[in-house]
Amino acid sequence: MKSADQIQQSSVTRFLEKMPTIVKCVSFLSVLLLPVIALAAGADTKPMSVEYRDVPWIGSRNLIWIVAQQHLLLAGFVLGVPIFAWVCEIVGWKTGEKRYDNLAKEFTKLLTSAYATTALFGGILLFLLIGLYPKLMAYLSEMFFPSFMIYCLLFLAETAVLYMYWYGWDYMQGNKKAFHLFLGFLLNLFALGIMAIPNSWATFQASPVVVADGDAWVRAWTAMQNPTWMPVNIHRLIANVVLGGFIVGAYAGIRYLLAVSQEEREHYDWMGYVGNFIGVFGMLPLPFAGYWLMREVYQYNQQMGITLMGGFLAWLFILQAMLIGVLFLGANYYFWMGIAHRIPGSEKQYKKPIMAMLVILLLCLGVWMTPHTLVASLAEAQKMGGTHHPLLGVFGVMSAKMTVANIMILVTFMSFIMYWRAGKQETAGWAKAAKVMMNVLLAIAGIAVIVLGVWGYFVPAIIRINYFSVAQVLIVGFIMVTFTPLTWLLLKSAKTTTEMVWGKMPIRAGYSLVLNAVMVILLMSLMGYARSSSRVHWHIYGVMRDTSEYAFSPALGYAAAFMSLNTFVYCLLVSFIFWVATLGDKAKAQQAKAEMSDVPAGAAPTMAGGAPSSRENIESGILENHK
């Protein structure tokens, strides 16, 4: 065994080896802080006499843009992960399968690594807002001060519960498991409050309401009850689940690509499947929540809705369609690879349905990303008779886009059902009739969605929005709500024809999980810019005008560059969080190797019954004890 001096010397050596990396990180942070240092050096000595302050070189709005986007993305991950970590823990507790409890613990390990980073960016954002936009923050503080206090209390409570939940995991087993699950429930409850309160501040800026006279609590509550607060709460809750699921899937995909043992490959293959399933599970209802939010925006202020959907921001929704389309393709592709490589013998059975699904998804994506008006020269516009293409212009309106969005959701849901049923043979006497009924319902639903979409061209917009679009959503929701329990009942008594094989997925499966995560980050960055730009030259729409030099909406190309920058920076932060989360595993593996090297070659003890134990058995036992 190594002595204490040797261990200390090796630790110092490893630290000295990492000194160049540490110096680089400190230098990088110093460069980022130079504008802030310059700002502090030139700060006004009369803070109440100014409405705005600027930051040299980068600009105050750009700095706020970057820091706020990183905080929101990190917060989305921190708020989304506890939900399915807690659900996985409940599943493990009810079923007795230890792997679900281990998976929930690994999810929480990622959460603890990201929590401090999220709080750090939140603190930086707060100080920057107070320093750079004092007038705006003074108004919001006057309006929402009681909610500030509640937010602080919730943050303290969540921090305490998170630490108890993580550090008490191994201790709270057996009879104490119920209390640990209760801590998980409190963690998610406090997280919902921490998400909802700041949402009210942001949505009040986009859709302010008339605040009646009253005490501070009445004024704050009235301001919180603005028209877009609840739609944003639902939309962000679902989006956080999607973000957390796909990022966890990306983490599993990277660990799968770096795995050196078959056991690691099997574990991270299964973890990648769970992460992708969670992301898809949240992605299916997300367009419906977004549609509800846009409907509330139109009802609050039609001009704001036209700015978003019909003005210069309308092209953002073409980019959104491309990103969502790639996300749908990536999620379905991962399901299809699972059928081909995890379930032997199923590839030939589902080859034709998979090809049909791929064609439908590509056609729907083509319709979804078709713009309403084309960017054309004067000569091209004269040949077309305007900016609308005589053929493709039909696909540029919302009736077509809502139709193809619902069809893509149906196809993705059926990919999951197909994956679920692969490798199993139904034995129930009513199975054949149930499958026929499901096929008939699916066909009727698809036809009904298309008919309503085509019919929407011939009715007033109010009818299409309030009735036809809602009917399409209800039809798709009915299919999902009906097929899920029916499939579960069919497979409950089904005979397994092929055992699931983990760890055999090709390397492109890991890349597809990473791609899905990047698409979600880009998508959330894009929609954050769209919601903020809908206020145009107002800090608080119709109440407080932006009189700074940045009182304009950035051009789409400029905004796209910042979306890409934010995505790149966030990926770097998440990579750092992943690296920190794996340090403990590396230390345990090194300790296990050190213990194995100290086992003498001829000192293997005798097994019961007189059979000598091999050195390999001892080594495997040591490794198992350290997992």
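Heads up: the structure comes first, above all this text.
Read on for an overview of the structure. What you are looking at is a predicted structure, and each value in this text was computed from that prediction instead of being measured.

Details of the pattern of salt bridges
A full pass over the atoms with the stated rule returns nine salt bridges. Salt-bridge contacts for K135 lead to E51; the nearest nitrogen and oxygen are separated by 3.6 Å. With K135 in helix α5 (residues 134-167) and E51 in the loop between α2 (19-41) and α3 (60-95), this pair connects stretches of sequence that are 84 residues apart. Overall, the relative accessible area of 42% leaves K135 in the partly exposed class. Residue class for E51 comes out partly exposed when judged on its relative accessible area of 34%. Across the pair K177 and E89 runs a salt bridge whose closest N-O atoms are separated by 2.7 Å.

Structural notes on helix α8 (residues 229-258)
A rise of 1.5 Å per residue sets the reference length of α8, with its 30 residues, at 44 Å; its end C-alpha atoms lie 43 Å apart and thus fit the reference within 8%. Here α8 lies mainly inside the structure; 23 of its 30 residues are buried.

Structural notes on the packing of aromatic side chains
By the definition in use, this model includes 29 aromatic pairs. Ring centres of Y165 and W169 lie 5.2 Å apart, and the angle between their planes is 65 degrees; on these two criteria the pair is classed as edge-to-face. Among the residues examined, Y165 registers a relative accessible area of 2% and is labelled buried. Pairing F335 with F416 gives two aromatic rings, centres 6.1 Å apart and planes at 50 degrees, and the pair type is tilted. With F335 in helix α12 (residues 314-342) and F416 in helix α15 (residues 398-421), this residue pair connects regions lying 81 residues apart in the sequence. Side by side, F335 and F416 carry an identical accessibility label, which is buried. Members of the aromatic cluster, joined through ring pairs, are Y273, F277, F281, F335, F416, Y419, W420 and W502. Taking the ring centre of F552 as reference, the NZ or CZ of R61 above it sits at 4.6 Å. The ring of W538 has R545 sitting right over it, with the charged end atom 4.5 Å from the ring centre.

Some thoughts on empty space enclosed by the protein
A complete count under the given rule lists one cavity of 30 Å³ or more for this structure. Of the volumes computed, that of the largest cavity is approximately 40 Å³. Lining the largest cavity, in full, are Y256, Y268, D269, G272, Y334, M505, A509, G510 and L513. Sorting the residues of the lining of the largest cavity by element identifies α9 (262-283) and α18 (507-533) as the ones contributing at least two each. Looking at the lining of the largest cavity, its residues break down into six nonpolar, two polar and one charged.

Focus on α12
Here α12 spans 42 Å end to end across 29 residues, near enough to the 42 Å set by a 1.5 Å rise per residue. Within α12, 21 of the 29 residues are buried, leaving the element largely enclosed by the surrounding structure.

How each quantity is defined
Residues numbered from 1 in each chain as written. Predicted model: local features only at pLDDT ≥ 70, side-chain atom pairs only at ≥ 80, totals over all residues. Heavy atoms only, no water. Salt bridge = Lys/Arg side-chain N within 4 Å of Asp/Glu carboxyl O. Helix = DSSP H or I, 4+ residues; strand = E, 2+ residues; numbered from the N terminus. Buried < 20%, exposed > 50% of the residue type's maximum accessible area, 1.4 Å probe, protein only. Expected span 1.5 Å × (residues − 1). Phe/Tyr/Trp six-rings, centres within 6.5 Å; stacked < 30°, edge-to-face > 60°. Lys NZ or Arg CZ within 6 Å of the ring centre and 35° of its normal. 1 Å grid on protein atoms, 1.4 Å probe; cavity = no way out; pocket = protein on both sides within 12 Å on 5 of 7 lines; lining within 4 Å. Points joined across faces, edges and corners; volume = space filled by probe spheres on them. Nonpolar A, V, L, I, M, F, W, Y, C, P; charged D, E, K, R; others polar.

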